[in-house]
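# Fold and geometry: a report
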Amino acid sequence: MAPSARRGGSEPYQEKSAADLEAVFDVPVRISVVLGRTKMPVSNLLKMDVGTVIELNRQVGEAVEIYVNERLVARGEIVLVEGRLGVTMTEVIKAA
C-alpha cells in the first residue's frame, strides 16, 4: 500500500514512530537466549548429577539465538558485565 493510500478511514496514512508505541511500552514480554541444543535418552538424563557436562550443538564463540515470546528476533554474543552474563545483539532477524 502506498504511503498516500487511505486505510479504511478518512485519515491519510502517516509514518509511525517509537512514540506511537507508547501504549505498549509496559507490556511484559518473555525473552529467552538459547545457548544450544542436544538430544539424549531419558536414561542418560536420569544419570546426571551436579557437575555433569552436557555437550551442545554449538561451539564457543558461535552466535546465540534471542527469542521474544518464543519468536526468533535476533542473534547475539554472550558478554560479561560486572560479573553477570548478558547478551549483545549482533544481528536482528527481519520478520518474514
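Above this note sits the structure.
Here's a quick rundown of the structure.

Definitions and limits used
Position numbers for residues start from 1 in each chain and track the written sequence from start to end. Two thresholds apply to this predicted model, a pLDDT of at least 70 for residue-level local features and 80 or more for giving and counting side-chain atom pairs, whereas whole-chain, interface and lining totals are computed over all residues. Side-chain metrics rest on all non-hydrogen atoms present in the structure, leaving aside hydrogens and water. Only DSSP runs of H or I reaching four residues or more are called helices, and only runs of E reaching two or more are called strands; each is numbered from the N terminus. Here a strand pair is declared whenever DSSP counts at least two bridges between the two strands. Between N-to-C directions, angles cover 0 to 180 degrees, with each direction set by a line fitted to C-alpha atoms, over the stretch in contact for helices.

### Section: the environment of Q59
Examined against the element boundaries, Q59 turns out to sit in the loop between α1 (42-46) and β2 (64-68). Spatially, the C-alpha atom of Q59 lies 8.8 Å from that of G36, the residues being 23 residues apart in sequence.

### With respect to the sheet that holds strand β4 (residues 84-92)
The sheet built from four strands is open, its strands ordered β1-β2-β3-β4 with antiparallel pairing. Strands with a single pairing partner mark the edges of an open sheet, and in this sheet they are β1 (31-34) and β4. Averaged over all pairs of adjacent strands, the angle between their axes in this sheet comes to 40°, without regard to strand direction. With four bridges joining them, β1 and β2 adopt antiparallel strand pairing.

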